[in-house]
Amino acid sequence: SLPVYAALESKESPSRCASVSADTEMVATGDEAGDVHIWDTETAESVTTLSGHSSAVNCLAWFPTGRSLVSGSSDMTARVWLETDATCVATYTGHTSQVCSIAVAPDGLLIVSADQNGEVHLWKPSGEAVKTFKGHTAAVRSVMFSPTGGKIASASADKTVRVWNIETGKAERVLEHRGKAYDVSFNQDATRLLSASAFATCCIWDLEKAHDAEVSEMCTEYHFGSGTSLSCCYLPTGPRGDRFCMASEGGVIYVWEVADPTAPVYQVEAHAEVVHQLRTSLNKAWLVSTGGDNVSRVWSVEALGDKIEQKRNAAPAKGEAAEGEEPEEAEVVHREHAMLSEDEQEEPDATAAQPVSDDEDMPDIVRSITLNEDASYGVSCSEHGSLLIWDIAAAVVAVRCACPAVARVVKFHPVDKEFFLAACDDGWIRVYSVKELLELKDMLEQKKIKSASYEATRVIGFHDFCIRSLRWAKDGEHFVTGSLDATVRVWSFDSISHDVCLEGHKDTVLDADMSPNLQLVVSASADKTVRMWPARGGKELWVGKHGAYVYSVQFTPDGRRAVSASGDRTARVWASRKGDCLQILKAGSALLMCAVNDAACMMLGAGYEGAMQVWDVKSWESPAIELLGHGAEIRAACFSQYGGYVVSASNDGSLRVFDTRTGTPLGALPVQSPLYSMALVLDESRAICLVGDEKGQVTIVKIAGVVDRPPVHVGGLTDRPTEASPRRSITPYLNN
């Protein structure tokens, strides 16, 4: 792996941006508290703090000479600083919304800044306005001067990149993207423009092509993984031509050679969370990355180049044989995420050599699975973009849905089993009708139509960034979502846009729930807080704090309490209206999820190290029931309909069933790969589970002998009928 030269951790407030000084001796970082921190590159120590902004610092740029820098903030101002004596020498106040990006001209005589309203402003270091460039219809996320200083490029959420002529103030080029554009970078002679956008894609545009050229003639796409690429930048030319790096949501920096758009040549495991920004020093010797883990890291570009060449020299090219070996035929690997059949679940031969595939570098993890109410159909979505409808009775893929973005979360409508929602990386929510898609498939098979696209019935939109969570409200008409854009949004199923947008979190919203009476919304975030909101909109009612990411949150059945699960190894019980922390429940490990069962009034918490516990919602002081058996983190766990059982899926490659009341393990199904997602229908008449693993495989599981019945209330106490047999068998459903 590439060694980091310096790691700059912001302990006071999360960092949003970073920039390397012209002499490479200093790095500036901007944080959410409104401060600019100056770090010594050699010692990785903070040497100066520049205070003056009243809100988050979103962007930074050093001047090409000397020790001056400029910052842009959510307080709608940009400030010019002299680092040597920590003073603000000028303030630009021309923006009417938060400043998103900033850059300094190569000669240091002009500054360009862009804002949330889509305006690009050109001004002097003294703070004097020069001109404003208008044309974008949404927030401008990035601006950059060309190396000669005669042009400006801007990337916007309106899905365009514009190249502006500074002298005329007009856009010379409008480059249309498939998704929102987040960053731009010119090459050395300004003949190419690099842009980062949604769908984990970077584009290189040939600016020497004619203005009326087709997009396919001008643009080369570089796609890898899923999610949104928020940043990109050119690197020094390597032995095989130009190189650039691309940020990812998974914390990885991908390095590409321009001549080869098929796959990156190197990957840097840079951050534990999303990479927000990538920037190089003026001499291209250093690369600085800023991540969602509150750390900015400085990397040696020369060392990166050496690593690339070492990797290339260590392995023969594709299709070539190593010295002394006979060439082999190229193996075709199909990445389609598919059903495991019972026959395919063989134990591997420990004595046989196991083939190594490039697919291991990018597993096709099944991120989300859902079953409709009667378990007749299921839907799964995977990292590579597959969105599949499963016929549970036939154990086959019924329809392969068309989706222009990677779906992160899928959920069937809680009442109408015909519809399901797919919350996607591009911020849109797509509504699919199983009935319509099956009818379309039948017409195609009967040759009544020549082709079928299997697209969404309609779209609802949208979040600015990738959607991370979606949960239905009790009325079956509303749902709430959380996103990488740090907002919570409330939607109606029949609407075309959100009803309410709740803003206040400082980082990704990982989960959200609506109270049973539809009056409140509670949210959990990577900013380590739980926030309660009025469902009709407005400022948060209260903010509760954890010591680590808050991964999950849910209301209790009466809505008077909210429960949160965090990586700080606790679940916390909050008073919904006042925000008092009523109980801190100690968990056996960092928690990744919590679930509340209304019928049994019980809460489940599960997470790392295979730990899983059940608490009584009506008596939090009672000892938790331990559910023991898993040996690795639990990514998904569900109550049966009436809370009599818990079914869990773990990275240890097993699916397990527990008796909730006693904690007794009732059975386990080993699967060859780590499990990441699960959906369950377990009631009086059905016991079906759909589970997905890290290799893109989906297994239908029938849990034999298990029946879940409503609790029996005797003398004010709740009891539950039990089955005669103490153990249950769980086997893979017979597949084709």
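Residues numbered from 1 in each chain as written. Predicted model: local features only at pLDDT ≥ 70, side-chain atom pairs only at ≥ 80, totals over all residues. Heavy atoms only, no water.

Right, let's talk about the overall build of the protein for a bit. The helix and strand tally for the protein stands at three helices and 62 strands. With 736 residues in all, the protein has 57% of them scored as buried. Of all intrachain contacts in the protein linking residues separated by at least 6 positions in sequence, the fraction that spans at least 24 positions is 46%. Accessible area for the protein stands at about 30800 Å²; split by element, carbon and sulfur atoms hold 48% of it. (Helix = DSSP H or I, 4+ residues; strand = E, 2+ residues; numbered from the N terminus. Buried < 20%, exposed > 50% of the residue type's maximum accessible area, 1.4 Å probe, protein only. Contact = heavy atoms within 4.5 Å. Areas by Shrake-Rupley, 256 points an atom, 1.4 Å probe, with all protein chains shown as cover.)

Moving on to helix H2 (residues 301-314). Compared with an ideal rise of 1.5 Å per residue, which puts 14 residues at 20 Å, H2 spans 20 Å between its outermost C-alpha atoms and is within 8% of the ideal. Where H2 is buried, its residues contact strand E22 (232-238), strand E23 (241-247), strand E24 (252-257), strand E25 (266-269), strand E27 (286-291) and strand E28 (295-300). (Expected span 1.5 Å × (residues − 1).)

On to the packing of aromatic side chains, then. Taken as a whole and judged by the stated rule, the model has 18 aromatic pairs. Centroid distance Tyr 5 to Trp 286: 4.3 Å. Interplanar angle 45°. Geometry classified as tilted. Taken together, the positions of Tyr 5 in the segment before strand E1 (6-9) and Trp 286 in strand E27 put the pair 281 residues apart, joining distant regions of the chain. Residue Trp 286 is classed as buried on the basis of its relative accessible area of 16%. Ring centres 4.7 Å apart and planes at 35° place the aromatic pair Trp 428 and Phe 462 in the tilted group. Here the residue Trp 428 occupies a position in the loop between strand E34 (419-424) and strand E35 (429-433), and Phe 462 occupies one in the loop between strand E36 (458-460) and strand E37 (467-472), the gap between them amounting to 34 residues. (Phe/Tyr/Trp six-rings, centres within 6.5 Å; stacked < 30°, edge-to-face > 60°.)

The next point concerns the sheet that holds strand E47 (residues 570-575). The four strands lie next to each other as E45-E46-E47-E48, forming an open sheet whose pairing is antiparallel. Unpaired on one side and paired on the other, strand E45 (550-555) and strand E48 (581-586) mark the two borders of the sheet. Taking the axes of each pair of neighbouring strands and ignoring which way they run, one obtains an average angle of 20° across the sheet. Looking at chain direction, strand E46 (residues 561-566) and E47 are connected through five bridges and run antiparallel. (Pairing = 2+ DSSP bridges. Axes fitted to C-alpha atoms, helices over the stretch in contact; angles between N-to-C directions.)

Before going further, it helps to examine the pattern of salt bridges. Summed over all chains, the structure comprises 34 salt bridges. Asp 425 serves as the salt-bridge partner of Arg 408, at 2.9 Å between the closest nitrogen and oxygen. Of this pair, Arg 408 sits in strand E33 (residues 407-412) while Asp 425 sits in the loop between E34 and E35, and the two are 17 residues apart along the sequence. Each member of the pair, Arg 408 as well as Asp 425, is classed as buried. Salt bridges here are not isolated pairs; linked through shared partners, they connect Glu 249, Arg 367, Glu 383, Arg 408, Asp 425 and Arg 468. (Salt bridge = Lys/Arg side-chain N within 4 Å of Asp/Glu carboxyl O.)

It is worth spelling out the nonpolar core at this point. Counting 22 residues, the largest nonpolar core has Leu 387, Ile 389, Val 399, Cys 401, Phe 420 and Tyr 432 as the members making the most contacts within it. With 19 residues, the next largest nonpolar core counts Ala 636, Val 671, Leu 680 and Ile 703 among its residues. (Core = buried A, V, L, I, M, F, W, Y, C linked by side-chain atoms within 4.5 Å.)

So, on to the confidence of the model for the protein. Summarising the model, the protein shows a mean pLDDT of 86, and 90% of its residues fall at 70 or more. Confidence drops under a pLDDT of 50 for residues 714-718, and excluding neighbours within four residues, the segment shows four contacts in the predicted structure. Of the regions scoring below 50 in pLDDT, residues 720-729 engages in 30 contacts with residues more than four places distant in sequence or in other chains. (pLDDT = per-residue confidence, 0-100.)

Glancing now at the sheet that holds strand E44 (residues 542-545). Across the sheet, four strands lie side by side as E41-E42-E43-E44; this open sheet has antiparallel pairing. The open sheet is flanked by strand E41 (509-514) and E44, the only strands paired with a single partner. For this sheet the average axis-to-axis angle between neighbouring strands, irrespective of direction, equals 20°. Where strand E43 (residues 529-534) meets E44, four bridges bridge the pair, whose relative direction is antiparallel. Paired with Met 532 across the two strands is Trp 542, which belongs to E44.

What follows is about the side chain of Thr 556. The residue Thr 556 is located in the loop between E45 and E46 in this model. With a relative accessible area of 2%, Thr 556 lands in the buried category. Excluding residues within four positions of it along the chain, Thr 556 makes contact with Pro 516, Arg 561, Val 563, Val 596, Val 617 and Trp 620.

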